[in-house]
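Structural overview
These are the residues of each chain, in order.
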Amino acid sequence: QEQLLQSGGGLVQPGGSLRLSCAASGFTLAYYSIGWFRQAPGKEREGVSCITASGATTNYADSVKGRFTVSRDNVKNMVYLEMNNLRPEDTAVYFCAADSETRCVVGGRYAYDYWGQGTQVTVSP
């Protein structure tokens, strides 16, 4: 079936790095913009980053700008979120979501066609 499958989460120390992956199964990711979100316990879901279908445009939340990089490989049908200089406040479950329309607004409240299952990122000494 059509779905997004996430991987790459884990436990890192402050200042460390992780790369999250978001892989499309059963559909062509090249036709979709991707939004990245995160949600910490007791907090609202917040937008982290987004990337247009071609990869020509990327945007970031102020809290991660300069530390996170979103990219994609449409041949491999995958999108990535490279996270470096991680902070404890980055601890959250991270989600990717696919949007069939051409738009890239961080945290955009769109009717996303697909959501990944989420992956835990924990930043702790």
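In what follows, the structure referred to is the one given above.
Note that this is a predicted model, so its numbers are computed, not measured.

Basis of the calculations
Along each chain, the written sequence defines residue order, and numbers are assigned to residues from 1. For this predicted model, a pLDDT threshold of at least 70 governs which residues receive local features, and a threshold of 80 or more governs which side-chain atom pairs are given and counted, while totals over whole chains, interfaces and linings are taken from all residues. Only hydrogens and water are set aside; all other atoms, that is, all heavy atoms of the structure, feed into the side-chain values. Note on terminology: a nonpolar core comprises buried Ala, Val, Leu, Ile, Met, Phe, Trp, Tyr and Cys residues joined through side-chain atoms within 4.5 Å. Residue burial is assigned from relative accessible area. The probe radius is 1.4 Å, only protein chains are included, and a residue is buried under 20% of its type maximum, exposed over 50%, and partly exposed in between. Helix numbering and strand numbering both begin at the N terminus, where a helix is a DSSP run of H or I of at least 4 residues and a strand a DSSP run of E of at least 2. Pairs of residues are marked as contacts when any of their non-hydrogen atoms sit within 4.5 Å. Paired rings are identified among Phe, Tyr and Trp, the last through its six-membered ring, by centres lying within 6.5 Å, and are further divided according to the angle between planes into stacked (under 30 degrees), edge-to-face (over 60) and tilted (the rest). Put plainly, a pocket is an open set of points on a 1 Å grid over the protein atoms alone with protein on both sides within 12 Å along at least five of seven lines, a cavity is a set where a 1.4 Å probe fits but cannot get out, and a lining residue has an atom within 4 Å of a point. Grid points are joined across faces, edges and corners, and a volume is the space filled by probe spheres set on the points. When DSSP finds two or more bridges between a pair of strands, those strands are recorded as paired.

Turning to the nonpolar core, a few remarks are in order. By size, the foremost hydrophobic cluster in this structure holds 30 residues, and its most contacted members are L4, W36, F68, L81, M83 and Y94. Those elements giving two or more residues to this core turn out to be β3 (18–25), β4 (33–39), β5 (46–51), β7 (68–73), β8 (78–83), β9 (92–99) and β11 (119–123). Among all residues touching Y94, those that are not within four sequence positions of it are Q6, L20, F37, R38, V48, F68, L81, M83, G118, T119 and V121.

To continue, consider the environment of V79. Relative to the helices and strands, V79 resides in strand β8. Looking at V79, the relative accessible area reads 0%, which means it is buried. Expressed as a C-alpha distance, the spacing of V79 and L11, which sit 68 residues apart in the sequence, is 21 Å.

Glancing now at the environment of Q13. Among the structural elements, Q13 can be located in the loop between β2 (10–12) and β3. Look at Q13 and you get exposed, because its relative accessible area is 53%. Between the alpha carbons of Q13 and V123 there is a distance of 5.4 Å; along the sequence they are 110 residues apart. If we ignore the near neighbours within four places in the chain, the residues touching Q13 are V123, S124 and P125.

One pass over the structure, following the stated rule, counts eight aromatic pairs. Measuring from centroid to centroid gives 5.0 Å for F27 and Y32, while their planes differ by 75°, and the two rings are edge-to-face. Using a relative accessible area of 8% as the deciding quantity, one classes F27 as buried. Ring centres 5.1 Å apart and planes at 45° place the aromatic pair F37 and W115 in the tilted group. In this pair, F37 is assigned in strand β4 and W115 in strand β10 (residues 114–115), connecting sequence segments 78 residues apart. By relative accessible area, which is 5% here, F37 ends up buried.

When its volume is computed, the largest pocket comes out at roughly 180 Å³. In this structure, the largest pocket is lined by F37, E44, R45, E46, G47, G107, G108, R109, Y110, Y112 and W115.

Right, let's get into the pairing of β3. Of the strand pairs in this sheet, strand β1 (residues 3–7) and β3 are connected by five bridges, and their pairing is antiparallel. Each residue of the ladder has a partner; that of L5, found in β3, is A23. Strand direction decides the pairing type here: β3 and β8, joined by six bridges, are antiparallel. Bridge pairing in β8 links C22 to V79.

So far we have only geometry, and geometry alone does not tell us how the molecule works.
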